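# Understanding the architecture of this molecule
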Amino acid sequence: MLKRVLHLSAILLLAIAMNNCANSITPPGGGPKDETAPTVIETNPANGSANFIGNEFIIKFNEFISLENIQQSALISPPMAKMPDFKIKGKSIQVKFNEELMPNTTYSVYFGDAITDITEKNPLSNYIYIFSTGKFVDSLSIFGKVINAFNLEPVEGAYVGLYKDNNDTIEFDSLPYLIPPYYLSKTDKNGKFRFSGLSNNYFFAFGLNDKNSNFFFDQPVEEIAFLDSLIHPIFIPTISLDTINSDSSDMATLDTNSFKKEKSFTTDSLFIEKYGIDLYMFTSKDTIQRLLKAVVPAKNKILFSFSQPANNVTFKKLKYQLSDSLILSEYSANSDTLVWYLNNPTIDSLELLIKEYGDTLGIAYLKLDPSKKSARVREKEEGKKEFLSWKSNISSSTLEPDGKLQITFNQPMIKFNNVDSSILVINADTILNPEIIFVDSIRRTIEIPFKVEEETKYYISFPDSAFTSWNNIHSKEIEIRFKTLPTSDYGFLTLKLFPHEKQNYIIQMLNEKEEILNEAYFSNDTTITYNYIKPQTVQFKIIFDDNNNHKWDPGDLTKDLQPEKVQYFPKEIKIRANWEIAEEWKF
């Protein structure tokens, strides 16, 4: 028993001692976070070697590394049918080719951001290993940037391909459709790309946001960019291939406003060395007319959606005849959407043959009652009265001092019952039976004209059944309360525009989300005054409207047409309440 007590006491004392020792140990300090990318210390064969033999090379680093998404990041130029095997061995990467290399050819293996350190995942950006199976290594380069043509933002993850000028049977604008590029690169997060180890040839440059990763432009939704003339690479002196591949800091800063309006781009080597090349990416305009949908979203309403403006689309009723007098048509602003409003048709189905210039776009089978309610529900709702719905242009119970009050109904109107109980109250003054104006051709939208004063309260009321649609549906009582703010709550801006060339332009005022607040059109020196702007930060954008259609147009590869140029005002403008701002813009 005594031995047992002593044994337990010894264990207890040992545990206490160990705990005290543990508490006396000071944990190591954290220190600064490692933000340094791995460094290449050796390549075998050496990066940039000629007379490459065998089927593999090794890259050694100063620390343990990992490969992140190497199959998606790696690019081989010229392209290979089979991807190499990439294996990590301690602080090294072994790359082994799975197909025979072509003779007298310079290859480049681009790693993107796949190489990272094993702890903090700091990437060795844009590392390239270059070698030649011939007696010399091609040493010319092309670099540049891919930019979204509409908003001038850099495009990350886009492929850039170079096609040799050695094909006598295929036009340049057809190459991206038919053959893969001879050289490939990929843009980084700043939209930058670089080709090294290029031969002394002229190339056609093409950018592609490749949706199906086959390096062909074969889907209409794929964004593209191209230069409309051939380009020649240049020699950029470097100390070591491994030193320039660690980052892209040696690339020139590119001016996103340097887009060339002229048809031909310069291929002068000094220009390329200083600026690189800019590729402006866009989605090609869909020029084929298609019927996208034909639906019945609500009772007495049919909506047709098309890929192009539908002004020349025709409709032939195949079954269940419906008189044209029972249809009112309304097009969207760009005419690619058409709405039919129906006047209580006696048929419940409609079949339409839809054509444009003799070409059949489709046949629409439409059930004119979209509710599909059970007989029990229909019987229950038969006694309920249907009313017109409406909405006004009042936002947050406020109307701008230069605004106009409008009300839009869900069906066309044929009658306004101007009864004595309609009123408009302006502060303490009451106007009986205020005037209304129909502002559209099918009488769906009304405007109530009155002089708007600042810092004023308004109330307008229309009694029950004041409005009746052509379906003999009446409105419920309409009441709208709103106010105007004092002028001192708004900012005012005057913008003087001085274009270098006289042509058609679009000027847009945008908010921080790049939503359009105001749009105007001009062609030479002009001054635009913006009144009653709510306090916010705005920016201005100009579109060079070459075809004067009042909208931005993308490019067209088949027509060798670049997208319309856009340009942003050099700074954002902060609108403050009760401030007047004046700016000038020469461009």
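Above this text you will find the structure in question.
Residues numbered from 1 in each chain as written. Predicted model: local features only at pLDDT ≥ 70, side-chain atom pairs only at ≥ 80, totals over all residues. Heavy atoms only, no water.

Our focus in this paragraph is the packing of aromatic side chains. Centre distance and the angle of the planes are the two values used to describe a pair of aromatic rings. Evaluation of the coordinates by the stated rule reveals 39 aromatic pairs. A centroid spacing of 5.3 Å and a plane angle of 40 degrees characterise the contact between Phe-450 and Tyr-458, whose relative ring orientation is tilted. Both residues of the pair, Phe-450 and Tyr-458, count as buried. A network of ring pairs unites the aromatic residues Phe-52, Phe-57, Phe-97, Tyr-107, Tyr-129 and Phe-131 as a single cluster. A cation sits over an aromatic face here: Lys-541 above Phe-150, 3.2 Å from the ring centre. Directly above the ring of Trp-579 sits Arg-576, whose terminal nitrogen or CZ lies 5.0 Å from the centroid. (Phe/Tyr/Trp six-rings, centres within 6.5 Å; stacked < 30°, edge-to-face > 60°. Buried < 20%, exposed > 50% of the residue type's maximum accessible area, 1.4 Å probe, protein only. Lys NZ or Arg CZ within 6 Å of the ring centre and 35° of its normal.)

Before going further, it helps to spend a moment on unusual backbone geometry. Of note, the amide linkage connecting Asn-44 to Pro-45 takes the cis form, showing an omega dihedral of -5 degrees. With respect to the helices and strands, the residue Pro-45 is situated in the loop between strand 1 (40–44) and strand 2 (56–61). A cis geometry characterises the amide bond from Ser-77 onward to Pro-78, with omega recorded as -5 degrees. For Pro-78, the position within the fold is in the loop between strand 4 (75–77) and strand 5 (85–89). Phi is positive for Asn-69, which is not a glycine, with a value near 50 degrees. Its location among the elements puts Asn-69 in the loop between strand 3 (65–67) and helix 2 (70–73). Phi at Asn-300 takes a positive value of approximately 65 degrees, unusual for a residue other than glycine. Positionally, Asn-300 belongs in the loop between strand 18 (291–298) and strand 19 (301–306). (Helix = DSSP H or I, 4+ residues; strand = E, 2+ residues; numbered from the N terminus.)

Okay, the pairing of strand 19 next. Of all the 6 residues making up strand 19, 5 are buried; the element is thus mostly covered by neighbouring parts of the structure. Summarising the sheet, strand 18 and strand 19 pair through 5 bridges and their orientation is antiparallel. Across the sheet, the residue bridging to Ala-294 is Phe-304, located in strand 19. Linking two consecutive strands that pair antiparallel, namely strand 18 and strand 19, is a turn of 2 residues; a positive phi of about 65 degrees is found at Asn-300 within it. As defined by bridge partners, strand 19 adjoins strand 22 (residues 337–342) across 5 bridges and the pair is classed as antiparallel. Of the residues in strand 22, the one forming a bridge with Lys-301 is Tyr-341. (Pairing = 2+ DSSP bridges.)

A separate point is the sheet that holds strand 26 (residues 390–392). With antiparallel pairing, 4 strands are arranged side by side in an open sheet as 26-27-32-31. Each edge of the open sheet carries a strand with a single partner, namely strand 26 and strand 31 (437–438). Note that strand 27 (residues 405–409) and strand 32 (residues 445–448) share 4 bridges and pair antiparallel. Of the residues in strand 32, the one forming a bridge with Leu-405 is Ile-448.

With that settled, consider the sheet that holds strand 20 (residues 313–319). Pairing is antiparallel across the open sheet formed by 3 strands, whose spatial order is 20-23-24. Edge positions in the sheet fall to strand 20 and strand 24 (359–367), since each of these pairs with one other strand and no more. For this sheet the average axis-to-axis angle between neighbouring strands, irrespective of direction, equals 25 degrees. Pairing geometry for strand 20 and strand 23 (residues 349–356), over 6 bridges, is antiparallel. The residue of strand 23 that forms the bridge with Thr-314 is Lys-355. (Axes fitted to C-alpha atoms, helices over the stretch in contact; angles between N-to-C directions.)

Taken as a whole and judged by the stated rule, the model has 10 salt bridges. With a shortest N-O distance of 2.8 Å, Lys-285 and Asp-553 are connected by a salt bridge. Taken together, the residues Lys-285 in the loop between strand 17 (277–283) and strand 18 and Asp-553 in the loop between strand 41 (536–544) and strand 42 (566–568) connect sequence positions 268 residues apart. Residue Lys-451 pairs with Glu-453 through a salt bridge whose shortest N-O separation is 3.7 Å. Judged by its relative accessible area of 36%, Glu-453 falls in the partly exposed class. (Salt bridge = Lys/Arg side-chain N within 4 Å of Asp/Glu carboxyl O.)

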